[in-house]
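# Fold and contact review
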Amino acid sequence: MRPAPLEETPPSETPSAVEAPVTPAKGLWTLVKEALHGTEMDLTRLPLRRAIFLLAVPMVLEMLMESVFAVVDVAFVGRLGAEAVATVGLTEGILTIIYAVGMGLSIGATAMVARRIGEKDAERAARTAVQAMGLGVMLSTVLAIAGIVFARPLLAALGGSPWVLEHGVGYTRVMMGGVVSILLLFLINAIFRGAGDAAIAMRTLALANGLNILLAPCLIFGLGPFPEMGVVGAAWATTLARSAGVLYQLFRLAQANGRLQVRREHVSLEPATMLAMVRLSGAGMVQALVTTSSWVVLVRIVSSFGSTALAGYTIAIRIVLFALLPAWGLGNAASTLLGQSMGAGDVARGEKAVWMAGRYNLIVLSTIGVVFFVFATPLMGVFTTDAAVVASGATALRIFSLSFVSCAYGMVLTSAFNGAGDTTTPTLIDLCCLWALELPLAWVLAHPFGLGEVGAYIAVPVAFAAMSASGIFLFRRGRWKTRVV
């Protein structure tokens, strides 16, 4: 299957006076440059393929760079041994709570901002953005304090080894101390995406990642004037880099040259708006928590087979996320277009954008899945020289890659439901497919059936296939079209 040429204008979408039709002479490279720079065009009036492209390119790059944080940490920490990698993996398990809150609030923020932008109400969009950030600061402060205080018992509960409990607690405490920067980075980028300023979100992650790549080896290994901090240095590098990204985001929100500008008069708490966002984001948080906590339980199952299996799983899942996050970028593009189209009163256009993004995602993930299956061992070898960890992780990577085809449409449709303001449907799908199907199946295959960690891995593609089938059926039913945001 091949996507239609970008220059083609669907018969139902005559070019507006604002934008001439895309012609072959303009060229793909010109479109890429426009996408990376950021377009000022009205996304609700552009030809669909062009709108998807202009949103998806920076969103895919943003998601790729988000995954680089974890990949960089594992790449450097992997030189310290399997126990150090296990520390990172277990801490990520704890941080899934933070990610769930961030993703839940991001779902609400994107949906509400996109709807307001589609209605051409920039003032309400700016006030909505402020409420989202206020909620993020309040929630992250509570979570940060709890994470710092209970770091050791949380690591123990997840199956941390004696080495992890002695040397890894510092890493976990530093990461938890930076929770405010994690949540705000999530939230403000979601606000930019909802407004259609995907290029700004991408540049934010580029800045943060660049700093992390520079700081991580310096603080881990003590290069130059920096102290040698070991695995704790990776946490400090990531936290400092994310904080710098947040400062850049706040600077751009205050500028007048974007789709969304937050001015002094917008900075006040509005209980009614915050309550509406909590209601919308509540199911989104549950949805994200169900998704991310399922990986935590999977980590617990895998950790029962030793540090080698856990280290292999940790590296493999980082590589998988490197592939899936670009797919989430396409899903986010569909979500923004659907939300803005519904705000503009053109639901059919938004629905068409969702199916189109799903087709493109299928092509991308199918290609990556084949590459991962064939080159699993050399990919693992990039991150560790431990032969046993490479072998274990390669098995996980091959099994996970089997789910790429089945989850292509499901990932886009989940984002589409959220963009329409229907956060309940994907939450129920996740509960059924992950908690009721994947986790029980993983435990049964790993223990009673005696397949070990391989049994836990097999449950993942089974659950993803069920999620996609459910998403396609429910999206076609169309109840999401009645959602009011």
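It should be emphasised that the depicted structure is a prediction, and the values quoted were computed from it without experimental measurement.

## A short note on the overall build of the chain
- Of the regular secondary structure elements, the chain holds 18 helices and zero strands.
- Its C-alpha radius of gyration of 22 Å places the chain within 12% of the 23 Å reference for a compact globule of 485 residues.
- Projecting the C-alpha coordinates of the chain onto the three principal axes gives extents of approximately 65 × 50 × 45 Å.
- Across the 485 residues of the chain, 57% fall into the buried class.
- Residue pairs at least 24 apart in sequence account for 81% of intrachain contacts in the chain once pairs closer than 6 positions are excluded.
- Summed over all atoms, the accessible surface of the chain reaches about 18500 Å², with 69% contributed by carbon and sulfur.
- Here the chain carries 33 positive and 27 negative side-chain charges, and the mean point of each set is 4 Å from the other.

## Examining the environment of His167
- For His167, the position within the fold is in helix α6 (residues 162-167).
- Sequence separation between His167 and Val405 is 238 residues, and the spatial gap between their C-alpha atoms is 40 Å.

## Some details on the pattern of salt bridges
- One pass over the structure, following the stated rule, counts nine salt bridges.
- In this structure, Glu123 and Arg263 form a salt bridge, with 2.7 Å as the shortest nitrogen-oxygen distance. Residue Glu123 is found in helix α4 (residues 122-149), and its partner Arg263 is found in the loop between α10 (231-253) and α11 (271-303); the two are separated by 140 residues along the sequence.
- Judged by its relative accessible area of 35%, Glu123 is partly exposed.
- Among the residues examined, Arg263 registers a relative accessible area of 29% and is labelled partly exposed.
- Of the charged contacts, one joins Arg483 and Asp422 as a salt bridge, the two residues approaching to 3.2 Å between their closest N and O atoms. Of this pair, Arg483 sits in the segment after α18 (453-477) while Asp422 sits in the loop between α16 (404-419) and α17 (424-446), and the two are 61 residues apart along the sequence.
- According to the relative accessible area criterion, Arg483 is partly exposed, its value standing at 34%.

## Some details on the packing of aromatic side chains
- Counting across every chain of the model gives nine aromatic pairs.
- Note on Tyr313 and Phe400: the rings are 6.3 Å apart at their centroids and 80° apart in plane angle, and the pair reads as edge-to-face. On the criterion of sequence distance, the pair formed by Tyr313 in helix α12 (residues 307-343) and Phe400 in helix α15 (residues 387-401) is long-range, its members being 87 residues apart.
- We classify Tyr313 as buried; its relative accessible area is 3%.
- Phe400 gets classed as buried once you look at its relative accessible area, which sits at 1%.

## Quick notes on the environment of Ser181
- The topology assignment puts Ser181 in helix α8 (residues 179-195).
- Taking the C-alpha atoms as reference points, Ser181 and Thr482, 301 residues apart in sequence, are found 35 Å from one another.
- Once you skip the residues sitting within four places of it in the chain, Ser181 turns out to touch Thr239, Arg242, Ser243 and Val246.
- Among the polar contacts listed, one links the side chain of Ser181 to the backbone oxygen of Gly178, at a separation of 2.6 Å.

## Examining the state of the cysteines
- Applying the stated rule across the entire model yields zero disulfides.
- With no disulfide of its own, Cys407 lies closest to Cys433 among cysteine sulfurs, the gap being 13 Å.
- On the basis of relative accessibility, which here comes to 3%, the residue Cys407 falls in the buried class.

## A closer look at the packing of α4 against α8
- Where α4 contacts α8, the two axes come as close as 8 Å, and the packing angle between them is 160°. Taken together, α4 and α8 sit at an angle that is classed as roughly antiparallel. Here α4 and α8 pass one another in a crossing that is right-handed. Residues Ala129, Ala132, Met133, Gly136, Val137, Ser140, Thr141, Leu143 and Ala144 of α4 touch α8, and the partners they reach there are Val179, Val180, Leu183, Leu184, Leu187, Ile188 and Ile191.
- Looking at side-chain class alone, the contact of α4 with α8 contains 13 nonpolar, three polar and no charged residues.

## As for α12
- Between its first and last C-alpha, α12 extends 50 Å over 37 residues, near the 54 Å set by a 1.5 Å rise per residue.
- Along α12, the sharpest change in direction is near 30° and occurs at Phe322; proline Pro326 comes one to four residues later.

## Some details on unusual backbone geometry
- One non-glycine residue, Lys120, adopts positive backbone phi at about 65°.
- Here Lys120 is to be found in the loop between α3 (82-118) and α4.

## Details of the side chain of Thr238
- Tracing the sequence through the fold places Thr238 in helix α10.
- Apart from the residues within four sequence positions on either side, Thr238 is in contact with Phe69, Asp73, Met175 and Asn212.

## Here's the deal with the confidence of the model for the chain
- On average, residues of the chain carry a pLDDT of 85, and 94% of them reach 70 or more.
- Counting interchain partners and residues more than four positions distant, the pLDDT-below-50 stretch residues 1-25 has 40 contacts.

## Regarding the side chain of Asn332
- Counting through the fold element by element, Asn332 comes out in helix α12.
- The class for Asn332 is buried, based on a relative accessible area of 16%.
- Excluding residues within four positions of it along the chain, Asn332 makes contact with Met59, Met63, Arg193 and Ser415.

## Quick notes on the packing of α17 against α18
- Two elements in contact, α17 and α18, have axes whose closest approach is 8 Å; the angle formed by their N-to-C orientations is 155°. The pairing of α17 with α18 is recorded here as roughly antiparallel in orientation. In this structure, α17 meets α18 at a crossing whose hand is right-handed. Along the contact surface, α17 presents Thr425, Ile429, Asp430, Cys433, Leu434, Leu437, Glu438, Leu441, Ala442, Leu445 and Ala446, while α18 presents Gly455, Ala456, Ile458, Ala459, Val460, Val462, Ala463, Ala466, Met467, Ser470, Gly471 and Leu474.
- A per-class count over the contact of α17 with α18 returns 17 nonpolar, four polar and two charged.

So, how was this worked out
Residues numbered from 1 in each chain as written. Predicted model: local features only at pLDDT ≥ 70, side-chain atom pairs only at ≥ 80, totals over all residues. Heavy atoms only, no water. Helix = DSSP H or I, 4+ residues; strand = E, 2+ residues; numbered from the N terminus. Rg over C-alpha atoms; globule rule 2.2 N^0.38 Å. Buried < 20%, exposed > 50% of the residue type's maximum accessible area, 1.4 Å probe, protein only. Contact = heavy atoms within 4.5 Å. Areas by Shrake-Rupley, 256 points an atom, 1.4 Å probe, with all protein chains shown as cover. Lys, Arg positive; Asp, Glu negative; His and termini not counted. Charge placed at Lys NZ, Arg CZ, Asp CG, Glu CD. Salt bridge = Lys/Arg side-chain N within 4 Å of Asp/Glu carboxyl O. Phe/Tyr/Trp six-rings, centres within 6.5 Å; stacked < 30°, edge-to-face > 60°. Polar contact = N/O pair within 3.5 Å; in protein donor to acceptor, adjacent residues only side chain to side chain. Disulfide = S-S within 2.5 Å. Axes fitted to C-alpha atoms, helices over the stretch in contact; angles between N-to-C directions. Parallel < 35°, antiparallel > 145°, perpendicular 65-115°, else oblique. Left-handed = near helix turned anticlockwise from the far one by under 90°. Nonpolar A, V, L, I, M, F, W, Y, C, P; charged D, E, K, R; others polar. Expected span 1.5 Å × (residues − 1). Bend = angle between axes of the 7 residues up to and from the residue. pLDDT = per-residue confidence, 0-100.

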